[in-house]
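Understanding the architecture of this molecule
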Amino acid sequence: MGKTETRSTCCYCGVGCGVLISSENGRIAGVRGDPDHPANYGRLCSKGLNLAASAASDSGRALYPEMRMDRNAPRRRAGWDEALDAAADRFAGIIRRHGPDAVAFYVSGQLLTEDYYLFNKLAKGLIGTNNIDTNSRLCMSSAVAAYKMALGADGPPTCYEDLEAADCVLFAGSNMAYAHPVLFRRLEAARAARPDTRWIVVDPRRTDTAAMADLHLQIQPGTDVALFHGMLHHLIWEGLIDADYIAAHTEGFDALKRMVRDYTPKLAAEICGVSAEDIIAAAECFGRSRASLSLYCMGLNQSSQGTAKNLALIHLHLAAGQIGKPGAGPFSLTGQPNAMGGREVGGMATMLAAHRDIANPAHRREVAAHWGVPEERLSPRPGLPAVEMFEAMTRGEIKAVWIACTNPAHSMPDLPRVREALARAELVVLQEAFADTDTAAFADIVLPAASWGEKDGTVTNSERRISRVRAAAPPPGEARTDAWIAAEFARRLAARLHPDEAGHFDYDGAGRIFDEHRALTVGRDLDMGGLDYALLEAKGPQQWPLPAGSASGLARRYEDGVYATDNGRARFHAVDYQPPADKVSAHYPFRLISGRLRDQWHGMSRTGRLPQHFAHSPEPELRMHPEDAERRGLSDGELVWVASKRGRLALPLRRSDEVARGSVFAAMHWNGRFLSSGGVNETTVSAVDSLSFQPELKHAAVKVERAALP
Ligand code: SF4
């Protein structure tokens, strides 16, 4: 086979860096940054630089299908036909006996857009259930809800070039230096070129990002809405709002203005635990700068007030006219490589394809016609979002679940309840590249999936840019691509439920799936009518919208001040501050914040295979302010129990003033593969945001106690 070089995209984060994969004799041998990719121009972070080593490793890979007929028996090796037929038999039987909502799919922002599209069509079109949700629910659903409510449609109005054009950069709940490192390098270069650029970081931790800021607002966890309202109050008081922009392009400002009247910087300072002077300084910088850009991520989204936090930040942009121009706008950063692609195909329980609504009969009709299924097949009932999906399993309402490329037994909140749900389900099918995840222990059928570098398709990054992902090596053992597995299962299920629809899942390559997907976007806000594989091949990655006839995609949205709402006006919403759901008390006095390490990714199914990813942070630990540790007589390295009302885990303690007194921090990556007592989500709470259904993974009330020696 010799040597080849394949152009593709990094599989880790939403920056979406382009890579060139070199392979020799069917094995991936090297990865370098693609100098022509507009996200990274050749740069890669530590995770991207080690992609070749992780792709070449067979450690933990699922190599052949496994199944068991009896819950108490071990799984045995099976053939693909046997495993897929058994899955189709069980799904069809449950659907016939209990209806389509008795089954569910829990998928992943790691899937390619084409994979996502097939799963969505399978659940909503073939089976007739909206019970398909994704680990992106845990990641960015609050951003989706707020964009829709404020701007009329999902998706950021901004682009990466805005990083270089901003004068004031407001980071909110984002440790970008760790979570989106290549974009952070772009920002650093922009600040070096224009030293008068100001950085403000809002974060309850002094992260590496915060340490580099001109102003760090170290707020109490969960108080962001009060902070942003305090800033808006100051903008209004000082005449720093853009009254002409508000009058011409928005509605609902007066109700919000009445609400924030009470949120003086003094009151906001009391709620947030920072000084009123710092809140005023942040508002002054934001309001007076020529271009203010906000960058935000899990710190806003993973909250029982996630949508309100996003809205309160977007309000600042709309009120100050800091949107729709170079260097300005609210820019949510997607955590996963294809969280955005999943949103485009409607791969969530609460939406339909191409930003359509489940509750809208015309939207259901359009999608049903496109899929060639009866209109009444598409259910008008929203499906169950992630947390509710697992609760419905515990109650026996969902009897079979298909999990694709994600590890809910590690990543969901309140893990004791999630394990109970998986144990109670009649059937758990796991489609995964790795056979040793926490979730695999519950699977009745394991289907080995191809991993990065072994499959074809597309992903969409944080700036709405679609890039090709290409196979550079064959999958190991009997592993198959996610699209192949989804289509094979769909054909078998169709044969049992709707035999005349078995051909609906026949595609001649990933490009045909993409064509079917993009046809649904025509005329919508994300119109991809002119964006196909041929264009991506000829011109490289492209942003949407890119309607037929356009030479290129739209870099920045709403520059004309016309929003995607019915009347073209952006909307303010008078959302009030609410404290986090899990209250600290004398018994549970600490606020536990979870977060990410620089060189690890998710549950470490990939990064945890290589020693180089442990050099920066070798051990799990609980970080506690030195004064709190002193008062409790706890020393560095001492093993402590971190316990909430839900569960507990044991971690070595580390004194660190990166957290304020009363808060503690633990990384979310560690799990049952590394720690016998499990990961941080043993303790987190399953409370969700009422609009986005995103759980509050960033805040749990805990106690910390010295662990007794065995
Ligand atoms: Fe991959 Fe994200 Fe690093 Fe780029 S910044 S190399 S996409 S992990």
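No experiment lies behind these values; they were computed from the predicted model shown.

Next up on the list: the confidence of the model for the chain. Looking at the chain, pLDDT values average 96 and 100% of them are 70 or higher. Across the assembled chains, the prediction reports ipTM 1.00 with pTM 0.97.

So, about the packing of helix H4 (residues 113–127) against helix H23 (residues 510–519). Put simply, H4 and H23 touch, their axes get as near as 9 Å, and they point 60° apart. The angle between the axes of H4 and H23 places the two elements in the oblique class. Like other packed secondary-structure pairs, H4 and H23 cross with a definite hand, here left-handed. Mapping the contact onto sequence places Thr113, Glu114, Tyr117, Leu118 and Lys121 in H4 and Ala510, Ile513, Phe514, Glu516 and His517 in H23. The residue inventory of the contact of H4 with H23, partitioned by class, reads five nonpolar, two polar and three charged.

Right, let's talk about the site of the ligand for a bit. Around the ligand, a shell composed of Cys10, Tyr12, Cys13, Val15, Gly16, Cys17, Leu44, Cys45, Lys47, Gly48, Pro181 and Val182 is seen. Breaking the shell around the ligand down by element, the ones donating at least two residues are helix H1 (46–49) and helix H8 (181–193). Of the residues that constitute the shell around the ligand, the class distribution is nine nonpolar, two polar and one charged.

Another aspect to go through is the pattern of salt bridges. A full pass over the atoms with the stated rule returns 62 salt bridges. Ionic pairing is found between Arg491 and Asp506, a salt bridge with its closest N-O pair at 2.6 Å. Of this pair, Arg491 sits in helix H22 (residues 482–497) while Asp506 sits in the loop between H22 and H23, and the two are 15 residues apart along the sequence. Of the residues examined, Asp506 reaches a relative accessible area of 46% and is grouped as partly exposed. Three or more residues joined by partner-sharing salt bridges are found here, namely Asp81, Asp85, Asp89, Glu488, Arg491, Arg492, Arg496 and Asp506.

Along H23, seven of the ten residues are buried, which leaves the element largely enclosed by surrounding structure. Along H23, the positions that sit buried rather than exposed are Ala510, Gly511, Ile513, Phe514, Glu516, His517 and Arg518.

Time to look at the side chain of Glu454. The residue Glu454 is located in the loop between strand S16 (445–448) and strand S17 (457–460) in this model. Residue classification places Glu454 among the buried positions, given a relative accessible area of 8%. At 3.0 Å, the side chain of Glu454 forms a polar contact with the side chain of Arg61. Contacts of Glu454, omitting those with residues within four sequence positions, involve Arg61, Ala471, Ala473, Pro474, Pro475, Pro476 and Thr481.

Further remarks concern the packing of aromatic side chains. On inspection of all chains with the given rule, the structure shows 20 aromatic pairs. Pairing Phe91 with Phe489 gives two aromatic rings, centres 5.3 Å apart and planes at 80°, and the pair type is edge-to-face. A residue pair is termed long-range when its members are at least 10 positions apart, and Phe91 in helix H3 (residues 80–98) and Phe489 in helix H22 qualify at 398 residues. Residues Phe91 and Phe489 agree in their burial class; the two are buried. Arranged with centres 6.1 Å apart and planes meeting at 50°, the rings of Phe614 and Phe674 form a pair that is tilted. Of this pair, Phe614 sits in the loop between strand S21 (590–595) and strand S22 (622–624) while Phe674 sits in the loop between strand S25 (663–667) and strand S26 (700–706); the two residues are 60 residues apart in sequence, bridging distant segments of the chain. For Phe614, a relative accessible area of 17% corresponds to the buried category.

The next subject is the environment of Arg591. One can find Arg591 in strand S21. In contact with Arg591, other than residues within four places in its own chain, are Gln220, Pro221, Val584, Gly662, Ser663, Val664, His699 and Ala700. Looking at Arg591, its side chain comes within polar contact range of the side chain of Gln220, at 3.1 Å. For Arg591, the side chain forms a polar contact with the side chain of His699, separated by 3.1 Å.

All right, on to the sheet that holds strand S7 (residues 132–134) then. Taken in spatial order, the seven strands make up an open sheet running S5-S4-S16-S15-S14-S6-S7, and their pairing is mixed. Only two strands of the sheet have a single neighbouring strand rather than two, namely strand S5 (76–77) and S7. Pairing of strand S6 (residues 103–107) with strand S14 (residues 400–404), which is carried by four bridges, proceeds in the parallel orientation. Residue Val103 lies in a different strand from S14, and its bridge partner there is Ala400. The strands touched by H3 are strand S4 (66–67), S5, S6, S14, strand S15 (427–432) and S16; relative to S16, the strand with the most contacts, the crossing angle is about 130°.

This part takes up the sheet that holds strand S1 (residues 3–9). One open sheet accounts for three strands, arranged S1-S2-S3; its pairing is antiparallel. Edge strands, defined here as strands with exactly one partner in the open sheet, are S1 and strand S3 (27–33). Neighbour-to-neighbour, the strand axes of this sheet turn through a mean angle of 25°, independent of strand direction.

Before going further, it helps to examine the pairing of S14. In terms of burial, S14 is largely enclosed, as five of its five residues are buried. Of the two faces of S14, the one lined by Ala400, Trp402 and Ala404 and the one lined by Val401 and Ile403 are each fully buried.

Closest axis-to-axis distance for the helix H19 (residues 386–394)/helix H21 (residues 415–424) pair is 7 Å, and the angle between their directions is 55°. If you check the angle between H19 and H21, you find them oblique. Taken as a pair, H19 and H21 cross one another with a handedness that is left-handed. On the side of H19, the interface is formed by Phe390, Glu391, Met393 and Thr394, while H21 contributes Arg417, Val418, Glu420, Ala421, Leu422 and Arg424. Grouping the amino acids of the contact of H19 with H21 by side-chain chemistry returns five nonpolar, one polar and four charged.

Our next topic: the side chain of Ser294. Mapped onto the elements, Ser294 comes out in strand S12 (residues 292–296). A distance of 2.6 Å separates the side chain of Ser294 from the side chain of His317, its partner in a polar contact.

Attention now moves to the nonpolar core. In this structure, Phe91, Phe105, Phe119, Leu122, Trp402 and Phe489 are the most contacted members of the largest nonpolar core, which totals 69 residues. The leading source of residues in this core is H3, at ten residues. Non-local contacts of Phe119, meaning those with residues more than four positions away in its chain, are made with Phe105, Val107, Leu111, Ile132, Trp402, Ala404, Gln431 and Ala486. Among the nonpolar cores identified, the runner-up in size contains 56 residues, and Ala153, Phe228, Ala282 and Leu311 belong to it.

Reading guide: rules and limits
- Residues numbered from 1 in each chain as written.
- Predicted model: local features only at pLDDT ≥ 70, side-chain atom pairs only at ≥ 80, totals over all residues.
- Heavy atoms only, no water.
- pLDDT = per-residue confidence, 0-100.
- Axes fitted to C-alpha atoms, helices over the stretch in contact; angles between N-to-C directions.
- Helix = DSSP H or I, 4+ residues; strand = E, 2+ residues; numbered from the N terminus.
- Parallel < 35°, antiparallel > 145°, perpendicular 65-115°, else oblique.
- Left-handed = near helix turned anticlockwise from the far one by under 90°.
- Contact = heavy atoms within 4.5 Å.
- Nonpolar A, V, L, I, M, F, W, Y, C, P; charged D, E, K, R; others polar.
- Near = heavy atom within 4 Å.
- Salt bridge = Lys/Arg side-chain N within 4 Å of Asp/Glu carboxyl O.
- Buried < 20%, exposed > 50% of the residue type's maximum accessible area, 1.4 Å probe, protein only.
- Polar contact = N/O pair within 3.5 Å; in protein donor to acceptor, adjacent residues only side chain to side chain.
- Phe/Tyr/Trp six-rings, centres within 6.5 Å; stacked < 30°, edge-to-face > 60°.
- Pairing = 2+ DSSP bridges.
- Core = buried A, V, L, I, M, F, W, Y, C linked by side-chain atoms within 4.5 Å.

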